[in-house]
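Chain residues, written in single-letter form:
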Amino acid sequence: MKNFSELVKEERPDYKACNSGFESLNAVELISLIIGQGADQTNAIRQARQIMNVCGGSLRDVANRRPEELEVVQGVGVRKALAIKAALELAKRVEHEAAAERDKFDSADAVWRYFRPTIGNADHEEAHVLLMNNNFSLIKAVKLSSGGLTETAVDVRVVLKEAILNNATVITLVHNHPSGNNRPSREDDRITERIKKAAECMRIYMCDHVIVTDTKYYSYAEEGRL
C-alpha cells in the first residue's frame, strides 16, 4: 500500500472526496481523513487500514471499541482514537434525528429505528418510555433506568406520572438487550403486564413494548401479546 504522500492526486482521499463525493470513498479512506492530521498525514491510510484489520473489517466493531482499544495501532494515540469515536457518534446522532422526524410512532419498526442508534450497541441495558398523543405523535421520550431492567428500575408510578404530566394518552415501553438476543425474559413479561394494567386504570393506551438490539427487535404488539 502506498503512503499518503506517494499517491497521485487522483488517488488521494481528500481529492476524491472533493471531486466525487464522500460516497466514493471506502471505509479505510474515510477513517484516514479523520485521523490524517498534520505531520501524521502520510501514515493515515496505513493506520486506517490497520484499524479496520484489528476490527475485522467491520465499522460496527470500530464503533463498539473503546478508544484505548483503537490505540493498539502504532501511531494512533488518544486524539486520533477520540476523533474516530466522535465521528461515529455524530453519525449515530444524524440517524437518530432522522428517525425522530417521523410523524408517527405507531409501529415497532419506527420505534426501533429511533432507538437503535443510541442504545442498539450499548453495553448495558437502558429502559425508556415514549409518550405520545392519540395520533401516535411523539410528545417526549423519557429515560427510566440504566444498567438493567427490573421492577425496581422501571417504576410503574414514574411511567404514569410522566404520561400524566405530559398529557400523553399513548405509551410505548422500550429497552435494549446488549447480548443481541431480542427474545423477552420472564422479567420483561412481568414488567409489560404490570405497566399495561396500570395504564389501563388511568385510561392510557399501552401501544407496545419493544426490545431493541443493533440488528433486530422484538415487539409485544406484533407478537399479539398486548
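What you are looking at is a predicted structure, and each value in this text was computed from that prediction instead of being measured. (Residues numbered from 1 in each chain as written. Predicted model: local features only at pLDDT ≥ 70, side-chain atom pairs only at ≥ 80, totals over all residues. Heavy atoms only, no water.)

Of the regular secondary structure elements, the chain holds 9 helices and 5 strands. When its helices and strands are written in sequence order, the chain yields α-α-α-α-α-α-α-β-β-α-β-α-β-β. Counting only residues that meet the buried cut, the chain has 40% of its 226 residues in that class. Considering only contacts within the chain whose residues lie at least 6 apart along the sequence, 55% involve residues at least 24 apart. Per element, the accessible surface of the chain, about 12,200 Å² overall, is 48% carbon and sulfur. (Helix = DSSP H or I, 4+ residues; strand = E, 2+ residues; numbered from the N terminus. Buried < 20%, exposed > 50% of the residue type's maximum accessible area, 1.4 Å probe, protein only. Contact = heavy atoms within 4.5 Å. Areas by Shrake-Rupley, 256 points an atom, 1.4 Å probe, with all protein chains shown as cover.)

Turning next to the side chain of E29. Here E29 is to be found in helix α2 (residues 27-35). Using a relative accessible area of 12% as the deciding quantity, one classes E29 as buried. Apart from the residues lying within four places of it in its own chain, the contact partners of E29 are E11, P13, K16 and S24.

The mixed open sheet is built from 5 strands, whose spatial order is β2-β1-β3-β4-β5. The open sheet terminates on both sides in strands that have one partner only, identified here as β2 (138-146) and β5 (217-219). Across the sheet, the axes of successive neighbouring strands diverge by a mean angle of 20°, strand direction being ignored. Sheet analysis places strand β3 (residues 170-176) next to strand β4 (residues 205-212), joined by 7 bridges and oriented parallel. (Pairing = 2+ DSSP bridges. Axes fitted to C-alpha atoms, helices over the stretch in contact; angles between N-to-C directions.)

Among all positions in helix α3 (residues 44-54), only A44, I45, Q47, A48, I51 and M52 are buried. The buried residues of α3 occupy an angular sector of 165° when the element is viewed end-on, so they sit on one face. Directly after α3, the chain includes G56, whose backbone phi takes a positive value near 65°. (Arc of directions from axis to C-beta.)

Glancing now at the confidence of the model for the chain. Taken as a whole, the chain shows an average pLDDT of 87; of its residues, 88% reach a score of 70 or greater. Averaged pLDDT values over the elements of the chain bottom out at 83 in helix α6 (residues 78-100) and peak at 98 in β5. (pLDDT = per-residue confidence, 0-100.)

A few words on the pairing of strand β1 (residues 126-132). Within β1, 7 of the 7 residues are buried, leaving the element largely enclosed by the surrounding structure. Side chains E126, H128, L130 and M132 project from β1 onto one buried face, and the interleaved A127, V129 and L131 project onto a second face that is buried too. As paired elements, β1 and β2 share 7 bridges and run antiparallel to each other. Counted as the bridge partner of L130 is A141 from β2. Note that β1 and β3 share 6 bridges and pair antiparallel. Looking at β3, one finds that V129 is bridged to L173.

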